[in-house]
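For reference, the chains in residue letters:
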Amino acid sequence: MDFENFLNSEIKENQVGIVWLNKYSSILLKTRENLILFDPMGISNDILAKLNITILIISHEHFDHLDRANLSYILSKQLPHVLATPPPSRWARGFIKDQKFLHVVKPGDTLNLNNITIEIFPGNHPCGVPATFLIKTEDDIRIYHAIDSTIFDDMKKLQSRNIDIAILPIGIAPGTSPSIAKEMTKIIKPRIVIPHHAVEGFLEFKELVEKEIADVSVAILKQMEPYIYKKE
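None of these values were measured; they are calculated from a predicted model.

### Points about the overall build of the protein chain
Secondary structure summary: the protein chain contains 6 helices and 14 strands in total. Whereas a compact globule of 232 residues would reach a radius of gyration of roughly 17 Å, the protein chain reaches 16 Å, a difference of no more than 12%. Its C-alpha atoms put the protein chain at 50 × 40 × 30 Å along the principal axes. Counting only residues that meet the buried cut, the protein chain has 59% of its 232 residues in that class. Taking as baseline every contact in the protein chain between residues at least 6 positions apart, the subset at least 24 positions apart corresponds to 54%. A total accessible area of about 10,000 Å² is found for the protein chain, and carbon and sulfur atoms account for 47% of it.

### Structural notes on the environment of proline 88
Along the chain, proline 88 falls in helix H4 (residues 86-95). We classify proline 88 as buried; its relative accessible area is 1%.

### Observations concerning the packing of aromatic side chains
What the rule picks out here adds up to 5 aromatic pairs. For the pair tryptophan 20 and phenylalanine 202, a centre-to-centre distance of 5.8 Å together with 75° between the ring planes defines the contact as edge-to-face. A residue pair is termed long-range when its members are at least 10 positions apart, and tryptophan 20 in strand E1 (residues 15-20) and phenylalanine 202 in helix H6 (residues 202-212) qualify at 182 residues. Exposure remark for tryptophan 20: the relative accessible area of 3% places this residue in the buried category. Judged by relative accessible area, phenylalanine 202 falls into the buried class, the value being 12%. Ring centres 6.0 Å apart and planes at 65° place the aromatic pair phenylalanine 38 and phenylalanine 133 in the edge-to-face group. Placement of the pair is phenylalanine 38 in strand E3 (residues 35-38) and phenylalanine 133 in strand E9 (residues 131-136), with a sequence separation of 95 residues. Just as phenylalanine 38 is buried, phenylalanine 133 falls in that class too. Here lysine 30 stacks its cationic end above the ring of phenylalanine 6, 5.3 Å away from the centre of that ring. Here the basic side chain of arginine 68 rests over the ring of tryptophan 91, its NZ or CZ set 4.2 Å away from the ring centre.

Rules and cut-offs
- Residues numbered from 1 in each chain as written.
- Predicted model: local features only at pLDDT ≥ 70, side-chain atom pairs only at ≥ 80, totals over all residues.
- Heavy atoms only, no water.
- Helix = DSSP H or I, 4+ residues; strand = E, 2+ residues; numbered from the N terminus.
- Rg over C-alpha atoms; globule rule 2.2 N^0.38 Å.
- Buried < 20%, exposed > 50% of the residue type's maximum accessible area, 1.4 Å probe, protein only.
- Contact = heavy atoms within 4.5 Å.
- Areas by Shrake-Rupley, 256 points an atom, 1.4 Å probe, with all protein chains shown as cover.
- Phe/Tyr/Trp six-rings, centres within 6.5 Å; stacked < 30°, edge-to-face > 60°.
- Lys NZ or Arg CZ within 6 Å of the ring centre and 35° of its normal.

As structure tokens, this is what we get:
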């Protein structure tokens with residue numbers, strides 16, 4: 001399935017669609033009722049114009065996650081719910097048309113929006129408010145996005161969340177690597193793990209997980225190629 005067909009098709013019950021939009025952290029989740037976009041950065045207006053975004057998440061203020069041009073374009077055309085940690089929230093506040101759609105969040109918060117539950121966890125990353133995000137879809141599919149985070153003290157709490165998919169960084173961000181992401185996978189124990197935020201190292205990560213961790217599958221995404229997960 002190509003990207004155009006993905007956008008125009010319906011997500012079936014107990015499924016979620018995932019697209020990695022760039023080499024950084026722009027992840028698109030499609031559920032039965034929502035289109036959730038993380039950290040749009042360097043995405044062309046032609047692509048953004050095709051996205052009917054219902055929830056937009058801006059994790060932190062670094063250049064590879066906060067693209068003011070992308071943010072301005074989206075919020076000039078649409079009015080999604082916007083979740084942002086305090087540092088990037090000031091940019092969202094300046095662009096959003098209705099402030100009631102802006103949700104300034106921090107670790108420990110939980111929001112329920114459009115039948116989606118979003119739980120904000122801590123992170124371990126050198127930014128203003130390190131945060132990671134757990135999404136629970138309408139069908140109770142649980143997707144954890146670690147953004148740029150390496151291992152943090154409370155990461156073991158994620159084991160009890162029965163995570164279906166963990167999206168983990170394996171490069172670029174400080175303290176992340178295929179071996180660290182493998183250790184994060186051991187801690188979180190998802191059903192599926194997706195490496196991102198790098199241009200190499202994916203096969204090394206897959207080999208490490210398959211060698212050392214039972215009952216976890218690695219899905220290596222190619223940019224702009226949709227991946228469909230079905231919960232059994």
